[in-house]
Amino acid sequence: MSTVTLETGWDSASFAMKHGLDRVLLYGKPGTGKTYFGLNYHLNDQTSYRLICTDEMTDGDMIGKYKQNDSGIWRFEEGVAIKAWRNGGRLVVDEINRVNGDIESRLMAIIDTVQSSSFEHPETGEVVRPQPGFSVVATMNGEPEDLSPAVLDRLVVRVEIEQPHPDAILALPENLRDIALEYSTRDDGDRYSLRSFFAFAQLLKASNDIDASARICLPKIRKSIVSALSII
């Protein structure tokens, strides 16, 4: 029996999903690529669907709602969760800790085991169930304990993500990679997510002005950035 070394949270998440675990929670610092990972990695030819949780979200965002078409006829339009069920897709529940209490029970039904899940279409009466291949990746900033015990019970695989995904780091210009990795993993007030570094790289490429670009995108560490890039 072989032993796999899992050095990072990304290694653990990849190992679990590659080997068929289909209910995974990714949690940790913001801006590390958790949502992108869920939408694009280990899909096994699935289509991915993103459900963004907010305090104001309703059943309509998740299950579906009636909408008036161009002919003035009201028809039921399925939400992303039912589409993911129907197509055996990947449902990425983004910022799951922000789901409001009014629809938490509905979300729990959506991400429950296949045997426990069904939805009756309000127009056709069709009973829709998750098709083979359906999987869930939930993401959040913070700690799993911020979720209710019932939600956690459906997401037994919980992986802490402490640093940006390696592919995201490689997408930056080479002279920014080490700097971005250092500052995106810090725990103090000088931390910046990768989004700030991508914005900085874009502005620097267009303007060729390190100081101005850093002042706008990375103001708290401007001097360090200017010094580091001036040396490189």
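Look up a bit, the structure's there.
So, here is what we can say about the structure in this document. Bear in mind the structure is a predicted one, so any value in this text is a computation, not a measurement. (Residues numbered from 1 in each chain as written. Predicted model: local features only at pLDDT ≥ 70, side-chain atom pairs only at ≥ 80, totals over all residues. Heavy atoms only, no water.)

**Thoughts on the environment of F134**
- With respect to the element layout, F134 can be found in the loop between β7 (127-128) and β8 (135-141).
- Here F134 falls in the buried class, since its relative accessible area comes to 4%.
- Along the chain, F134 and L43 lie 91 residues apart, while their C-alpha atoms are 9.7 Å from each other. (Helix = DSSP H or I, 4+ residues; strand = E, 2+ residues; numbered from the N terminus. Buried < 20%, exposed > 50% of the residue type's maximum accessible area, 1.4 Å probe, protein only.)

**Quick look at the packing of aromatic side chains**
- Summed over the entire model, instances satisfying the criterion amount to five aromatic pairs.
- Measuring from ring centre to ring centre gives 5.5 Å for Y66 and F76, while their planes differ by 70°; the resulting arrangement is edge-to-face. Taken together, the positions of Y66 in strand β3 (residues 64-68) and F76 in strand β4 (residues 74-78) put the pair ten residues apart, joining distant regions of the chain.
- Taken together through their ring pairs, the aromatic side chains of W10, Y36, F37 and Y41 make up a single cluster. (Phe/Tyr/Trp six-rings, centres within 6.5 Å; stacked < 30°, edge-to-face > 60°.)

**Description of the pattern of salt bridges**
- The tally for this structure, following the rule as stated, stands at 14 salt bridges.
- Linking D187 and K29 is a salt bridge whose minimum nitrogen-to-oxygen distance equals 3.1 Å. Here D187, found in the loop between α8 (174-184) and α9 (194-207), pairs with K29, found in the loop between β1 (23-28) and α2 (34-40); they are 158 residues apart in sequence, far enough to count as distant.
- Two residues, E123 and R75, come together in a salt bridge whose shortest N-O distance is 3.4 Å. Taken together, the residues E123 in the loop between β6 (119-120) and β7 and R75 in strand β4 connect sequence positions 48 residues apart. (Salt bridge = Lys/Arg side-chain N within 4 Å of Asp/Glu carboxyl O.)

**Structural notes on the nonpolar core**
- Membership of the largest hydrophobic core comes to 32 residues, with the highest contact counts inside it found for L25, M62, L91, V93, I96, L107 and I110.
- Where this core is concerned, the elements lending two or more residues are β1, β2 (48-52), α4 (80-87), β5 (90-94), α5 (101-110), β8 and α6 (149-154).
- Once residues within four sequence positions are removed from consideration, V93 is found in contact with L51, C53, L107, I111, V136, V137, A138 and T139.
- Of all hydrophobic cores here, the second largest spans 18 residues; its members include A180, Y183, F200 and I225. (Core = buried A, V, L, I, M, F, W, Y, C linked by side-chain atoms within 4.5 Å. Contact = heavy atoms within 4.5 Å.)

**A short note on the sheet that holds strand β9 (residues 157-161)**
- Judged by pairing direction, the sheet is parallel, and its five strands sit side by side in the order β2-β5-β8-β1-β9 without closing on themselves. Edge positions in the sheet fall to β2 and β9, since each of these pairs with one other strand and no more. Neighbour to neighbour, the strand axes of the sheet diverge by 20° on average, direction disregarded.
- The pairing of β1 with β9 spans five bridges and is classified as parallel. The residue of β9 that forms the bridge with G28 is I161.
- Helix-sheet contacts for helix α1 (residues 9-18) involve β1, β5, β8 and β9, and the interaxial angle to β9 is about 150°.
- Packed on one face of the sheet, α4 meets β2 and β5 and runs near 155° to β2. (Pairing = 2+ DSSP bridges. Axes fitted to C-alpha atoms, helices over the stretch in contact; angles between N-to-C directions.)

**Details of a negative patch on the surface**
- Residues E143, E145, D146, E160 and E162 make up a contiguous surface patch of negative charge.
- Turning to its location among the elements, E162 is positioned in the loop between β9 and α7 (166-170).
- Judged by its relative accessible area of 49%, E162 falls in the partly exposed class. (Patch = residues over 30% accessible without salt bridge, like charges linked within 9 Å, V, L, I, M, F, W, Y side chains within 5 Å. Areas by Shrake-Rupley, 256 points an atom, 1.4 Å probe, with all protein chains shown as cover. Lys, Arg positive; Asp, Glu negative; His and termini not counted. Charge placed at Lys NZ, Arg CZ, Asp CG, Glu CD.)

**Observations regarding the packing of α8 against α9**
- At a closest axis distance of 9 Å, the pairing of α8 and α9 adopts a crossing angle of 150°. With respect to α9, the axis of α8 lies roughly antiparallel. Pair α8 / α9 crosses with right-handed handedness. For the pair formed by α8 and α9, the contact residues are L176, I179, A180, Y183 and S184 on the first element and L194, F197, F200 and A201 on the second.
- A breakdown of the residues in the contact of α8 with α9 according to their chemical character gives eight nonpolar, one polar and no charged. (Parallel < 35°, antiparallel > 145°, perpendicular 65-115°, else oblique. Left-handed = near helix turned anticlockwise from the far one by under 90°. Nonpolar A, V, L, I, M, F, W, Y, C, P; charged D, E, K, R; others polar.)

**Focus: the environment of P130**
- Tracing the chain through its elements places P130 in the loop between β7 and β8.
- Separated by 93 residues in the primary sequence, P130 and F37 have C-alpha atoms spaced 22 Å apart.
- Those residues in contact with P130 that lie beyond four places of it in its chain are W85, V114 and S117.

**Brief notes about the pairing of β5**
- Among the five residues in β5, five count as buried, and that is most of the element.
- Here β5 shows a buried face lined by R90, V92 and D94 and a second buried face lined by L91 and V93.
- Bridge count between β2 and β5: five bridges; the pairing is parallel. From the neighbouring strand, S48 faces β5, where its bridge partner is R90.
- Note: β5 against β8, four bridges, orientation parallel. Note on β8: the bridge partner recorded for V93 is A138.

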